[in-house]
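# Observations on the model geometry
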Amino acid sequence: NDLNFSIRKYPAIVSLEQRQCYSDDFNAEYEIYLNLHGQIDKMKKRFKELKELLRWQVPGSKAHQVKKEK
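Source: prediction; values computed, not measured. (Residues numbered from 1 in each chain as written. Predicted model: local features only at pLDDT ≥ 70, side-chain atom pairs only at ≥ 80, totals over all residues. Heavy atoms only, no water.)

Moving on to the overall build of the protein. Scanning the protein from N- to C-terminus turns up 3 helices and 0 strands. When the helices and strands of the protein are listed from N to C terminus, the series reads α-α-α. Taking all 70 residues of the protein together, the buried fraction comes to 6%. Surface accessibility of the protein: about 6,700 Å² in total, with carbon and sulfur atoms responsible for 59%. (Helix = DSSP H or I, 4+ residues; strand = E, 2+ residues; numbered from the N terminus. Buried < 20%, exposed > 50% of the residue type's maximum accessible area, 1.4 Å probe, protein only. Areas by Shrake-Rupley, 256 points an atom, 1.4 Å probe, with all protein chains shown as cover.)

Shown next as structure tokens:
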């Protein structure tokens with residue numbers, strides 16, 4: 001479980017040095033997070049577009065099957 005991992009890796013902050021280490025870890029991984037978040041948003045948008053296209057196709061038709069397979 002990711003939460004248990006985070007609790008083990010990041011126990012309660014008790015010093016300024018520890019706080020700085022946590023901050024450094026966060027900053028080091030934040031750009032990766034933003035990149036992944038952007039990719040997920042693009043995929044969600046594409047799935048939404050495909051779902052909308054599929055809605056307007058006649059079920060069982062060749063166009064419907066092609067859209068469904070995408």
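Following the criterion strictly, the structure yields 2 aromatic pairs and no others. With 5.1 Å between their ring centres and 25 degrees between their planes, Phe 26 and Tyr 30 make a pair best called stacked. A residue pair is termed a helical-turn pair when its members lie 3 or 4 positions apart in one helix, as Phe 26 and Tyr 30 do in helix H2 (residues 16–55) at 4 residues. On the basis of relative accessibility, which here comes to 35%, the residue Tyr 30 falls in the partly exposed class. Taking 5.9 Å as the distance between ring centres and 25 degrees as the angle between the ring planes, the aromatic pair formed by Tyr 30 and Tyr 33 counts as stacked. Of the two residues, Tyr 30 and Tyr 33 both sit in helix H2, 3 residues apart, roughly one turn of that helix. By the ring-pair criterion, three or more aromatic residues cluster together here, those being Phe 26, Tyr 30 and Tyr 33. (Phe/Tyr/Trp six-rings, centres within 6.5 Å; stacked < 30°, edge-to-face > 60°.)

Here the focus is the confidence of the model for the protein. On average, residues of the protein score 85 in pLDDT, and 84% of them are at 70 or above. Confidence scores differ between elements of the protein, with helix H3 (residues 62–69) showing the lowest mean pLDDT of 66 and H2 the highest of 93. (pLDDT = per-residue confidence, 0-100.)

Assignment of secondary structure puts Gln 18 in helix H2. In terms of polar contacts, Gln 18 uses its side chain to reach the backbone carbonyl oxygen of Ala 12, at 3.4 Å. Here Gln 18 is in contact with Pro 11, Ala 12 and Ile 13, once residues within four sequence places are set aside. (Polar contact = N/O pair within 3.5 Å; in protein donor to acceptor, adjacent residues only side chain to side chain. Contact = heavy atoms within 4.5 Å.)

This part covers the pattern of salt bridges. Under the counting rule described, the total for this entry stands at 2 salt bridges. Linking Glu 49 and Arg 46 is a salt bridge whose minimum nitrogen-to-oxygen distance equals 3.5 Å. You can see Glu 49 and its partner Arg 46 sitting in helix H2, 3 residues apart, about one turn around the helix. The partly exposed category is assigned to Glu 49, whose relative accessible area is 35%. According to the relative accessible area criterion, Arg 46 is partly exposed, its value standing at 40%. Arg 55 is the partner of Glu 52 in a salt bridge, and the nearest nitrogen-oxygen pair spans 3.5 Å. A residue pair is termed a helical-turn pair when its members lie 3 or 4 positions apart in one helix, as Glu 52 and Arg 55 do in helix H2 at 3 residues. (Salt bridge = Lys/Arg side-chain N within 4 Å of Asp/Glu carboxyl O.)

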